[in-house]
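Working through the structure, step by step
Below are the chains, spelled out letter by letter.
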Amino acid sequence: MVNPMQIPSTGLAAGVEGAVLKADVRDLDFYYGAFHALKRVSMPIHDHMVTALIGPSGCGKSTLLRCFNRMHDLYPGNKYAGGGIVFYPDNTNLLAPDVDPIEVRMRISMVFQKPNPFPKSIYENVAYSLRVRGMRNKNELDDRVESALKGAALWNEVSNRLKELGANLSGGQQQRLCIARALASDPEIILFDEPTSALDPIATASIEELIIELKEKVTILIVTHNMQQAARISDYTAYMYLGEMVEFGVTDQIFIKPQKKATEDYITGRFG
Amino acid sequence: MMKAADLDAIRAIITRAKRWDLIFSVLGILSLMLGILTFVVLFIDMAIQGVPRLSYDFFTSFPSRRAENAGILSAWVGTILVMLVTALSAVPLGVAAGVYLEEYAPKNWMTDIIEINISNLAGIPSIVYGLLALGLFVYYFGFGQSILTAGLTLALLILPVIIVATREAIRAIPQSIHEGSYACGATTWQTVSDHILPYSSAGILTGVIIGMARAIGETAPIITIGALTFIAFLPTPPFAGDPPAGMFDWIFAPFTVMPIQMFNWTSRPEAAFTLNAAAAGFVLVFMTLAMNGLAIYLRYQLRKNIKW
Ligand SMILES: Nc1ncnc2c1ncn2[C@@H]1O[C@H](COP(=O)(O)OP(=O)(O)OP(=O)(O)O)[C@@H](O)[C@H]1O
Ligand SMILES: [Mg+2]
């Protein structure tokens, strides 16, 4: 894997005023076995901003997202084949072979498409990301669990039933529980893979609101199928097609005045 | 709008098609009955012969030349001790091997070959394990014809069952839970100990019980390693006797087990011994059922709090 300093910058960092780079995907190639799933993908991720990944099904959005927390390392045959993801401020390549995936996952957490609470209590679900970091002090755990649940707008609903199973909550509550779990460890980036696709419109609205609030604390990268959702909650939008990055830009520009014909066709629903 | 004639035709087709449902259910019930009834008849026959023999003395007496004085004390104690050794050695080994294969082992041709062979091991006749144990445990390691040898032999026998059950129980855990743990920054060991083992314990337990239920009735390998058929003493309990026995001296004691006791009695010409064998068989079936009952209870307790 290439030293980050040798990966040329994408030069896409400009945009919203005062934006600071948090991560930079540079010429990233990724393979599932022989299948070339990401082709020289480049895009910047700005600190404390929401960046949305859109594109038709199968274009590689989840694949790109799962590079950020090295989820692909869990399965044999997956290969990061070139380029990398430079992480700031420490300027390391997240995909370098000498970077421990566990360290990456401690700094970048993830919320999945389908809520996946552990079959443990609400409390233990949130506390888990703290326990893997060696936190044992009861008071400290209590405090951190409470503030994570508050951060995920779930505290009021569950404060008196922390010992109940996470799976007993409604779908939207379960997803907020998973957000609390992702938030508890104070990550630098939270990855969301279509976090609302399994939820009803009301639960979806509350998660969207939450994501907008969360960017005070954390940088957000979100995959969504719902273009209105991308327009509502993101500051930047990236449009992918067949494993390639077609266009990246400030969300308003992408939706009002895309540079590429392909992006315009997708956004206006003429294709996809 | 559908014409009435068409509707009649459709109904006729449905009726004809449904005839097969009827035929199959009848066949299914018959097959089920055949299996269950055979067992019930055998069991009742055994109970009628054996139950009158059951008494307090039957459980507390050693075997004897006179059928009416003979009991199963050494046999049931032997069975329980052998099962204890079997469980204590097979469960950790089998679970560890299953977890390793599912969570740690690289997926390559080596592990493929190991996988195929584990399933094959489960099909090897048990007497072959007896021969292996005779060479390995009795002579090479010098464990003698002891409870330890028998326990380890049966452990080898049921190891594949436990490994396969462990792997299946682990695979039943949704991928999303697995990924959720890693995404929190857990190591493989943290994932295994905090999630994989607790969530798969009910399934593993089922496999353990199936294995133990097989082991408890095994006779051939135990005879091969040379269990005694007539034994009129118990292993010395820890710290008892003079000089006091060590904590684990009992594992080197000679022993007999329930199926061997039964086998011994059935080979006697006197009818009274056949009744003893039936009574011992009844106790053995009861022991197996009790184990299964315990498994069902524990499985319920373990599954109660697991919901994906
Ligand atoms: N484990 C895998 N092995 C092989 N190919 C895969 C694997 N996962 C995904 N792919 C392929 O990689 C491509 C990108 O998949 P990906 O899941 O990233 O798409 P996506 O943009 O997230 O789609 P969706 O919107 O449907 O979730 C697809 O063609 C898919 O078939
Ligand atoms: Mg996807």
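For clarity, every value in this text was computed on a predicted model and none was experimentally measured. (Residues numbered from 1 in each chain as written. Chains lettered and ligands numbered in written order. Predicted model: local features only at pLDDT ≥ 70, side-chain atom pairs only at ≥ 80, totals over all residues. Heavy atoms only, no water.)

1. Quick look at the overall build of chain B
Note the cut-off: Secondary structure elements are taken from DSSP: a helix is a run of H or I of four residues or more, a strand is a run of E of two residues or more, and numbering for both begins at the N terminus. Note on method: radius of gyration uses C-alpha positions; expected globular size equals 2.2 Å times residues raised to 0.38. Summary of the burial criterion: residues with accessible area below 20% of their type's maximum are buried, those above 50% are exposed, and those between are partly exposed, where the area comes from a 1.4 Å probe applied to protein chains only. Two residues qualify as a contact provided that any one of their heavy atoms is within 4.5 Å of a heavy atom in the partner residue. Each accessible area value is a Shrake-Rupley result obtained with a 1.4 Å probe; residue values ignore everything except the protein chains displayed when judging cover. For the purpose of charge, His is not counted, nor are the chain termini; Lys and Arg are scored as positive and Asp and Glu as negative. Throughout, a charge is located at the NZ atom of Lys, the CZ atom of Arg, the CG atom of Asp or the CD atom of Glu.
Of regular secondary structure, chain B possesses 11 helices and 0 strands. Walking chain B from its N terminus toward its C terminus, one meets helices and strands in the order α-α-α-α-α-α-α-α-α-α-α. Here chain B has a C-alpha radius of gyration of 25 Å; the compact-globule value for 308 residues is 19 Å, and the former is much larger. Dimensions of chain B, computed from the C-alpha atoms along their principal axes, are close to 95 × 55 × 35 Å. Sorting the 308 residues of chain B into buried and exposed places 42% on the buried side. Sequence separation of at least 24 residues holds for 77% of the intrachain contacts in chain B that already meet a minimum separation of 6. For chain B, the exposed surface amounts to about 16,700 Å²; the carbon and sulfur share of it is 72%. Chain B carries 17 positive and 17 negative side-chain charges, and their two centres are separated by 10 Å.

2. Topic: the interface of chain B and chain A
Our working rule: Here the quantity called buried area is the total loss of accessible area, with a 1.4 Å probe, experienced by two parts when brought into contact, counted for both. By definition here, a salt bridge exists when the distance from a side-chain nitrogen of Lys or Arg to a carboxyl oxygen of Asp or Glu is within 4 Å. Any pair of nitrogen or oxygen atoms within 3.5 Å is treated as a polar contact; in protein, a donor-acceptor pairing is required on top of that, and neighbouring residues in sequence qualify only through side-chain atoms on both sides. Throughout, the ten residues Ala, Val, Leu, Ile, Met, Phe, Trp, Tyr, Cys and Pro are labelled nonpolar, Asp, Glu, Lys and Arg are labelled charged, and all others, Gly among them, are labelled polar.
With 22 residues of chain B at the contact, the number on the chain A side is 26 residues. Across the chain B/chain A interface, buried area totals approximately 2,000 Å², and carbon plus sulfur atoms make up 61% of it. Our count for the chain B to chain A interface comes out at 1 salt bridge. For E179 of chain B, the salt bridge identified is with R66 of chain A, shortest N-O distance 2.8 Å. Linking chain B with chain A are 9 residue pairs in polar contact (both at pLDDT 80 or more). When residues in the side of chain B that touches chain A are grouped by element, the largest group, 8 residues, is from helix α7 (residues 175–183) of chain B. When grouped by side-chain class, the residues that make up the side of chain B that touches chain A number 8 nonpolar, 10 polar and 4 charged.

3. Description of the confidence of the model for chain A
Operational definition: Residue-level confidence of the predictor is what pLDDT reports, using numbers from 0 through 100.
For chain A, per-residue confidence averages 91 on the pLDDT scale, and 93% of positions sit at 70 or higher. This model gives residues 1–5 of chain A a pLDDT under 50, and the stretch forms 15 contacts once residues within four places in sequence are excluded.

4. Concerning the confidence of the model for chain B
When pLDDT is averaged across chain B, the result is 91; 99% of the residues are at 70 or more. Across chain B, the secondary-structure element scoring lowest on mean pLDDT is helix α4 (residues 109–121) of chain B, at 88, and the one scoring highest is α7 of chain B, at 96.

5. Considerations on the pattern of salt bridges
Considering all chains together, one arrives at 19 salt bridges over all chains under this definition. E164 of chain A is the partner of R161 of chain A in a salt bridge, and the nearest nitrogen-oxygen pair spans 3.2 Å. In this structure R161 of chain A comes out as partly exposed when scored by relative accessible area, which is 24%. With relative accessibility at 34%, the residue E164 of chain A sits in the partly exposed group. In this structure, E115 of chain B and R167 of chain B form a salt bridge, with 3.4 Å as the shortest nitrogen-oxygen distance. Of this pair, E115 of chain B sits in helix α4 while R167 of chain B sits in helix α6 (residues 147–171), and the two are 52 residues apart along the sequence. A relative accessible area of 29% places E115 of chain B in the partly exposed class. One network of salt bridges, in which partners are shared, links K22, D90, R107 and E188 of chain A.

6. Describing the site of ligand 1
Residues and elements named next belong to chain A. Here is the rule we go by: We call a residue near a molecule or strand whenever a single non-hydrogen atom of that residue lies within 4 Å of it.
Around ligand 1 lies a shell formed by Y32, F35, S57, G58, C59, G60, K61, S62, T63, E194 and H225. At 3.4 Å from an oxygen atom of ligand 1 is found a side-chain nitrogen or oxygen belonging to E194. Out of a free accessible area of 630 Å², ligand 1 has 60% covered by protein chains. No other element matches the 3 residues that helix α1 (residues 61–68) contributes to the shell around ligand 1. Split into classes, the residues belonging to the shell around ligand 1 amount to 3 nonpolar, 6 polar and 2 charged.

7. Focus: unusual backbone geometry
Residues and elements named next belong to chain A. In this chain, Y88 is followed by P89 through a cis amide linkage whose omega measures 5°. The residue P89 is located in the loop between β4 (78–87) and β5 (92–93) in this model. A positive phi angle, close to 60°, is found at N91, a residue other than glycine. Look at N91 and you get partly exposed, because its relative accessible area is 26%.

8. Some points on the environment of C59 of chain A
Residues and elements named next belong to chain A. One can find C59 in the loop between β3 (50–54) and α1. Owing to a relative accessible area of 2%, C59 belongs among the buried residues under this scheme. Separated by 190 residues in sequence, C59 and G249 place their C-alpha atoms 18 Å apart. Other than its neighbours up to four places away in sequence, C59 contacts A37, M240, Y241, L242 and G243.

9. Notes on the sheet that holds strand β1 (residues 21–32) of chain A
All names here are of chain A. Rule in force here: The rule for pairing is simple: two strands pair if DSSP sees at least two bridges between them. The axes are straight lines fitted to the C-alpha atoms, using for helices just the contacting stretch, and the angles between their N-to-C directions are given from 0 to 180°.
One open sheet accounts for 4 strands, arranged β2-β1-β4-β5; its pairing is antiparallel. Across the chains shown, the open sheet's two edge strands, defined by having one partner strand only, are β2 (35–46) and β5. Of the strands in this sheet, β1, β2 and β4 are in contact with α1, which crosses β1 at around 120°.

10. Thoughts on the side chain of R26 of chain A
Residues and elements named next belong to chain A. Tracing the chain through its elements places R26 in strand β1. For R26, a relative accessible area of 6% puts it in the buried group. Side-chain polar atoms of R26 contact the side chain of D24, separated by 3.1 Å. Here the side chain of R26 touches Y88 through a polar contact of 2.6 Å, side chain to side chain.

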